[in-house]
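Coordinate inspection notes
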Amino acid sequence: MLDLNTIDKILFLDIETVPQTASLDEMTPELQALWNEKFNALRRRMPDRYDADATAEYAFRNGGGIYSEFAKIVCISVGIVYNKDGQRHMRVKSFAGDDEEHLLRDFAAMAGTFLTTHEHRICGHNVKEFDVPFICRRMLINGIALPAFLDLSGAKPWKTPLIDTMELWRFGDYKSFTSLKLLCAIFGIPTPKDDIDGSQVADVYYNDHDVQRIAFYCEKDVVATAQVFLKMNGGETIDTANITHVAE
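Residues numbered from 1 in each chain as written. Predicted model: local features only at pLDDT ≥ 70, side-chain atom pairs only at ≥ 80, totals over all residues. Heavy atoms only, no water.

1. Some remarks on the overall build of the chain
- When its secondary structure is counted, the chain shows eight helices and six strands.
- From first element to last, N terminus to C terminus, the chain shows the α and β order β-α-α-β-β-α-β-α-β-α-α-α-α-β.
- Taken against the 2.2 N^0.38 rule, which gives 18 Å for 248 residues, the C-alpha radius of gyration of the chain at 18 Å falls within 12% of a compact globule.
- When the 248 residues of the chain are sorted by exposure, 47% land in the buried category.
- Sequence separation of 24 or more characterises 74% of the internal contacts of the chain that already satisfy a separation of 6 or more.
- Working note: accessible area of the chain is about 12900 Å², and carbon and sulfur atoms make up 50% of it.
- Between the centroid of the 26 positive side chains of the chain and the centroid of its 37 negative side chains there is a distance of 6 Å. (Helix = DSSP H or I, 4+ residues; strand = E, 2+ residues; numbered from the N terminus. Rg over C-alpha atoms; globule rule 2.2 N^0.38 Å. Buried < 20%, exposed > 50% of the residue type's maximum accessible area, 1.4 Å probe, protein only. Contact = heavy atoms within 4.5 Å. Areas by Shrake-Rupley, 256 points an atom, 1.4 Å probe, with all protein chains shown as cover. Lys, Arg positive; Asp, Glu negative; His and termini not counted. Charge placed at Lys NZ, Arg CZ, Asp CG, Glu CD.)

Take a look at the structure:
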């Protein structure tokens, strides 16, 4: 178990991503061709998901958002847990919008002021394989130099400032993926998927143009991750009355 006395040094994090454009034909001809190559490889690797009738456009709209080369970040939500009057509280904030470079720079500026020592950590669900690598790649694509807290190249695994709740739950067993939704269910934590889930984010973004709805969903994932982290380390969850959502 991790020491909950230092939980105030943890930045809980989650991101939401969508395909770079609403449809494949809006991408540059070069990227369209490269997506077609990727789609053909995906279809060979996952025939149950992409059968003979599946198209590159279908795959792009329904799966392009998880590949950083063909996607963009529309929201980064973060949360900090702290003690006040003998109780745990949590403050949650989002960086969201259409301008990916702007939200990445704002996130980096905020996180850089918080993650100042080796004791400060980032925590998320599947954060090591998805969220942080995705942020790093999109920063480089947007011409943003990686801040020190994200420059993990060459770092030894036990020295990275990342805590991954999915990895913690594996206890060394790498055979399966356990969703945040499932962990919430078994620990009796309210599901963050009571409005939309990750598969619907692109539709909400491109069809409804509702970034705030996406941000609130992302913030609920951040809160759920913190609650799961507490339960996995022998702590009590935070009362919902003590959770503050900070508007930009």
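2. Re the side chain of Arg-138
- Along the chain, Arg-138 turns up in helix 4 (residues 127–141).
- When neighbours within four sequence positions are excluded, Arg-138 is seen to be in contact with Gln-20, Ser-68, Glu-69, Ala-71, Lys-72, Ile-73, Glu-100 and Leu-104.

Any functional reading would require information beyond the geometric quantities listed.
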